[in-house]
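Here are the chains, one letter per residue:
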Amino acid sequence: MMCLRKFLVAMGSGNSFLHRDDDDVLGTEYDSSQGVLKTIPNEVKPRPRLGGGVRSVRSISKQQKNGSLRSALSVDMENPEVEKIRKDFEMYRLSKENELTNIRKKEQKLETENRRLRAELQAKEKTCQKQKEERDSALEAEHRAQMRAAAIEHDRDKIQHLFKIFRETKESELRNLLKAKQTLESKLAKLGGSAFEDPETTSRLETSGAFGNHGDWWATLDSEPSVGSLTHHHRSTYHGPEFLQPSIVDPDGLYVNINKDDWIAATATLANGYLMIPESVPSNRFVVYLTGTPDTQQELDLLCSKYSNQLRHTCNMEGHLFTLISMPGVIDEDFAFSQEKHVQARCREIDQCHVSVIFIGTQSSRFVEMDVNYGTLRCCSYKKTIVCFKDTAHGQDVSEFCELRSRLTEEGKAKVLNYSEVEDGVDLVFQEIVPYLKHISDKKEKGGLVYQGVNLEEPLLDWGTAVWDNLHDFEQLEAFRSACQSTCELGFERYYERLNAHILAAGPLPPLLICGAAGSGKSLLLAKWMELQLYRMNSGSLLLYHFVGAPSSCTADPMLMIHRLTSQLMQQVNAIASLACDNSLLMEEFPKWLEKVSSRMPGGIILVIDSADRFQKVETHLKWLVDPLPVDLRVIVSARHDQIPAAWKSWPSVVLEGMNSARNVKDLLQAELSSQGTLLSEEHEDRILTHCLASPSCSPLYLILMTSFVTRCYNDRSLDSNLDLLLSTSDTTHLYQAIISHIIDECRSSSVADLIQGILLAVYASRNGVSEAELFGAFSELTAVVWSTLRLLLTDFLVLTLRSGLLVFAHEQAREAVAEMFLNECDREEKLKKIYRRLYAHYSSCTRFSEVTCRTADELPWICQQLEDNTGLELCLTNLSIFVKLFVRGRCFELVTYWQNLGADKIKISQSYMSAAKKLEDHCNSESVTLTSVADIYEAIGRFIMNHCTLSEALNPLQRSLELRETSLDPDHPVIARSLHFLALLHERQSKLTTAEPLYKQALEIYEDSLGKDHLLVIKQLDALVLLYKKLGKNSLAEPLQKRSISVKKKLKGHLMTTMNIKATETLQKKVLELDDLTIGPPSVELARTINEIGVLHYLQGNFGLSESLLIRSLEMRSAILKEDHPDLAQSLNNLAALYNDRKLYDKAAPLYERALEIRQKLFPVEHVGVTSIIKNLGILYKKTGQLDKAEPLYQKMVESKEKSFGACHPAVATAIVNMAVLYSQMGNHSAAEPLYERALKIYEETLDPYHPRVSETMVNMALLKYEQGDFQTAAKLYRRATEIKDNESVSNGKGISPPSMSIEASATLPRVTNDDDKQIDL
């Protein structure tokens, strides 16, 4: 046991043995007597621990002294390892210390390097900062230099501009002085020769009243000049046709004593004083009023369902807005309004419709009977009325309807149709409406499909619907007319004086600002003053104007105004160049056009801008108003006093005062009441006057609205309560709210009240307004019966009005009232979006190729933008129909703005349009689109991309347009030349000048072959080639083309009227067309007279063929219905003879003159002007044709008539005697001519001054006579005396240059003198 224990101790410590609690391994087959099996583990040396497991020798020795055997044995066993570990540790420590030393050295080295780099960095930073400061100082110096240069340039431009203005001012003053000098000289000349004014003219005016036909159109009755006077005093007279006396009130007739030259001069005067404002504004509405008896309701429904879409499409093709008002013959008892209002609405619809269709069956209807009587029997029928009578199955007919049918047939005031089947009657009505629609469309003025509106460029061909009012000219005209509608001018005379003083002031002036509160009458003042200028403007002034509507409308877009006014300015100078497409370039060119045109107009330019504060970005787009304006330009601007831009406050201004005077209030109130035929009681009138004077915000509009309401509620029992409601309002906006509330309360249905709110919100949410057809489309629950009464109330109470066929607010305060009533802050956005979606649903349903109208193009993209619907907006912009509608009206800047809002770049815009065009081209057959239309679209896309996008993207559409046109058109068609022109222009802009040259040449050849060498487009092509050759440096080629262009322009200058003359002539032609409608009917005296006057008008316009046919027809009609010696018959004979005489058809004119003279000699004495005029004309005709024998008695009668009219000793008698003597001289009867000359000379010397020009002329004639007789000495004396008289005349008139006279020396060198017959007389 002891040995075993020693062995175990030697093997390890006690920790190596198992404890008692260790598991014993007991065999299951052994019992306890056999012992326990123990597991003896191997000895494992423990891991030495640094600092803990290694102990020093001293510690070991201490343990040996006191320790046990076990400890001693353990230490002895571990000593070699400890030493080894210690050595390793020492080596490890030394290595780490070396590493630390190296690290410290590296750290010191890095710190040294870092200090060096930091020092270098600081030095470089200092250098950089110094360079930066030097750069900043250099940039600042450069900026200061640029500012100084800009200031110097600006001062230079300003000085140049001021010098130019000064020069123009002085030149204008010099021109005025020269004009005044010429006027004084002419007055002096007239005073010097006033004693010899032929009193024949005065006599004509005095004696014309004795003639039955005071309006006769005969020639001026100045005596025929003598032979001697033909050298420089002869003025050719014109023998024109005659007008019959139009009325008893106008004794001088319609165009008395006006010849063709006067007609041309009058047309030029209309052009010089240009304010072409006709009495009636053309309307783009076409309204069909449809009604019928209760048993014809099926016809009404079938016509609406079968033909309404076709009629709407036809109207769209003509550029009109179609409205179908279908009124039933019987209304329900629960109708929303009273029957009185319904009757008024029916009458209003009949008054405003173009075609009224009435179906009559067997059942009677009070409303239908009223429509027939009001529309056909009581009204002057300027519209078409169709009455359809339905035949009954068994021949039954209502007696009253039979009587009505016969009466309508006899009077001819309506088109009477008979039908038996429903479809037959509807078809007959449709066949009557369509031709009439096209007829009135031809008579109305429409803005054609002309790109950029001013030049004579060709329209886009065969494209969709027509464009109405492409530059909003008619809209502006209608705005002007509506602004003029007032019965009282509110004491505007003092304001007129200020406006006139501003116009007549000399030198450059800033704009005149008309300011005042809302409703104070600013628009009325400008409109009334412009209307006065229309009648006073005879000095060649050009009046331009622009009325701004709602802030969201197109009229509030300043670029559209500049576009429209620039086009009008370009028309004044017959500019062939096109308008600039870029907005910035257009704004830059507009002041230049103002300066250019104003310098050419004798009276300058007057520009009137009303409500300029409503413009969008007014300070940006109207900054040209702040710059110095041209000398001959006067600008008048109106704005609300609380919305005037800061830059405008320094302008001279006119402030409109409010209704601060009881007299002004009373005058306006009484004027409005009297215009409506209403007389208020003194109590009511005093209440209104007291309220208006007490209210500080009372304005003229406020009083007009109140008067309008009181007038229409005058017969209402609730007038007092309604008046109390109105008098409780404080301003115009609240008054409008009270009026709208009254209209809503007047209807008996809540659904109708909701409709009123929806309609007003639709007008509010729209951009330019809504049409009646659009309201029916957006509000399916709206019926024509309800709408007619609603429109009556809304327009009568001045809430809404029709402008260019669209419903808009009559005044801006009505718009504000609707917003305050129906758009609260909490649900404003939601209600507006709801209305926008309604309108969007309607417009988006009409986006097919042939259905898109200008209304859709104007409203749909704008609504998408308001809804923030970018997807819908992009669909609208890529709709080629909408694109073309905007493009042809010059609205490219709107397209660009829409694309910019979508964030699209130029490449995307080009690709989008090209993709859309390719799709349309692929489906052109399925959508009934012609290749010509597709070619037009490609051209429009190419021109748009060329002007607003990249030039490289424009080549493909323009090239494709040319390819399609060459496929579908003739090779020499002018449209192909247009494609070539734009392709050449594109290459020229890309600096590919050699590529552009052959294209320009080819286009020029096509234009010359198809249009002739003297066409405006040929001039344009020549100018383009000249410019191209100059860029290429080929001046030798450019010079002959430029000379040719100038020669063609000079040639066309004498034949082409200016655009304003064309407009003036078109106005007169329009009146002729209106008279043409009166030439239809059975023969009558009135119809013959009308045809005669229309023939005269056509004659004055140069339409000789049409004039001849009308005058012949009038002559034939008068010959058939009048007696042989009737004066009207003589008038027709004289007119037709004058026409033939003017066309030198003397063989036709002579017998007509002879017959007319025979009739008038029976009716009037020989001295009557009607007789003497024919005698004179016939005598001249005989003399021109060489029938001197026939002319002699007529000239003798002229002498006798003058003697009877003026006595034997009168200058007019002397002139007639001289003419007789000239005739005898031409006949060779010198013996008879000489005493006549002597008698005339004696009369001249007795009645006139001996040195009067007529005396010298008579002496020249006598000298010619003596020369022909061979008495040269007497002839020389007479010539010398005549020369002395003429020289004396020149000296007395203060002229250094003597007039052309015949002296003896001249007689030696000038052997011939020419008379009025171009007959040469040898001297």
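Residues numbered from 1 in each chain as written. Predicted model: local features only at pLDDT ≥ 70, side-chain atom pairs only at ≥ 80, totals over all residues. Heavy atoms only, no water.

**Student:** Can you help me understand the overall build of the protein in this one?
**Tutor:** The helix and strand tally for the protein stands at 49 helices and 14 strands. Counting every position in the protein, which comprises 1323 residues, the buried fraction comes to 48%. In the protein, once contacts between residues fewer than 6 apart in sequence are set aside, the share between residues at least 24 apart is 72%. As displayed, the protein has an accessible area near 65300 Å², and 52% of this comes from carbon and sulfur atoms. (Helix = DSSP H or I, 4+ residues; strand = E, 2+ residues; numbered from the N terminus. Buried < 20%, exposed > 50% of the residue type's maximum accessible area, 1.4 Å probe, protein only. Contact = heavy atoms within 4.5 Å. Areas by Shrake-Rupley, 256 points an atom, 1.4 Å probe, with all protein chains shown as cover.)

**Student:** Explain the sheet that holds strand β4 (residues 384–390) to me, please; I cannot follow it from the model alone.
**Tutor:** Backbone-to-backbone hydrogen bonds pair the strands of a sheet. The strands run either parallel or antiparallel. A sheet is described by the order of its strands in space; here five strands give the open sequence β2-β1-β3-β4-β5, paired in parallel fashion. Looking at strand neighbours, the two that pair on one side only are β2 (321–327) and β5 (415–419), the edges of this open sheet. Strand-to-strand twist in this sheet, taken as the mean axis angle between neighbours without regard to direction, amounts to 15°. Across the face of the sheet, helix α6 (residues 297–318) comes into contact with β1 (285–292), β2, β3 (355–360), β4 and β5 while running at roughly 170° to β2. In the packing of helix α7 (residues 339–352) onto the sheet, contacts are made with β1 and β2, and the angle to β1 comes to roughly 130°. (Pairing = 2+ DSSP bridges. Axes fitted to C-alpha atoms, helices over the stretch in contact; angles between N-to-C directions.)

**Student:** Which parts of the structure should I look at to understand the sheet that holds strand β9 (residues 633–640)?
**Tutor:** The parallel open sheet is built from five strands, whose spatial order is β7-β8-β9-β6-β10. The open sheet has two edge strands with one neighbour each: β7 (542–547) and β10 (653–655). Adjacent strand axes in the sheet meet at a mean angle of 15°, parallel and antiparallel pairs treated alike. Judged from the three bridges that link them, strand β6 (residues 512–516) and β10 form a sheet pairing that is parallel. From the neighbouring strand, I514 faces β10, where its bridge partner is V654.

**Student:** In this structure, what is going on with the confidence of the model for the protein? I would like to understand it.
**Tutor:** Atomic detail in the predicted coordinates should be set aside for any region of low pLDDT. The share of residues in the protein with pLDDT of 70 or more is 75%, and the mean pLDDT across the chain is 75. Here residues 190–276 scores under 50 on pLDDT; set against residues more than four positions off or in separate chains, the count is 225 contacts. Counted against residues more than four places away or in other chains, residues 1291–1323, with its pLDDT under 50, gives 55 contacts. (pLDDT = per-residue confidence, 0-100.)

**Student:** Quick question: what am I supposed to make of the environment of H641 here?
**Tutor:** Looking at the secondary structure, you find H641 in the loop between β9 and β10. Sequence separation between H641 and I514 is 127 residues, and the spatial gap between their C-alpha atoms is 8.8 Å. H641 has contacts with C515, G516 and A517, leaving out every residue within four places of it along the chain.

**Student:** Hey, could you run me through helix α46 (residues 1230–1247) in this one?
**Tutor:** Think of an α-helix as 3.6 residues a turn; residues three or four steps apart then line up on the same face. In this model, α46 (18 residues) spans 26 Å end to end at C-alpha, consistent with the 26 Å of a helix rising 1.5 Å per residue. When α46 is considered as a whole, its buried residues turn out to be H1230, A1233, L1236, Y1237, A1240, L1241, I1243 and Y1244. For α46, the arc enclosing every buried residue in end-on projection is 160°, short of the 170-degree limit, so these residues lie on one face. In α46, those exposed residues whose orientation departs by more than 90 degrees from the buried face are S1231, K1242 and E1246. Lining the buried residues of α46 we find α45 (1211–1227) and α47 (1253–1269). (Expected span 1.5 Å × (residues − 1). Arc of directions from axis to C-beta.)

**Student:** Before we go on, may I ask you to explain the environment of E475 in this structure?
**Tutor:** Relative to the helices and strands, E475 is located in helix α11 (residues 473–484). As for E475 and S283, which are separated by 192 residues in sequence, their C-alpha atoms are 9.7 Å apart.

**Student:** Help me understand the pairing of β1, please; the structure alone is not making it clear to me.
**Tutor:** Looking along a regular strand, one sees side chains alternate from face to face of the sheet. With eight of eight residues buried, β1 is to be regarded as a mostly interior element. The two faces of β1 match: R285, V287, Y289 and T291 on one face and F286, V288, L290 and G292 on the other face are all buried. Pairing analysis gives seven bridges linking β1 to β2, with the strands arranged parallel. Of the residues in β2, the one forming a bridge with T291 is M327. Alignment of β1 against β3, held across five bridges, turns out to be parallel. Directly across from L290, in β3, lies its bridge partner V357.

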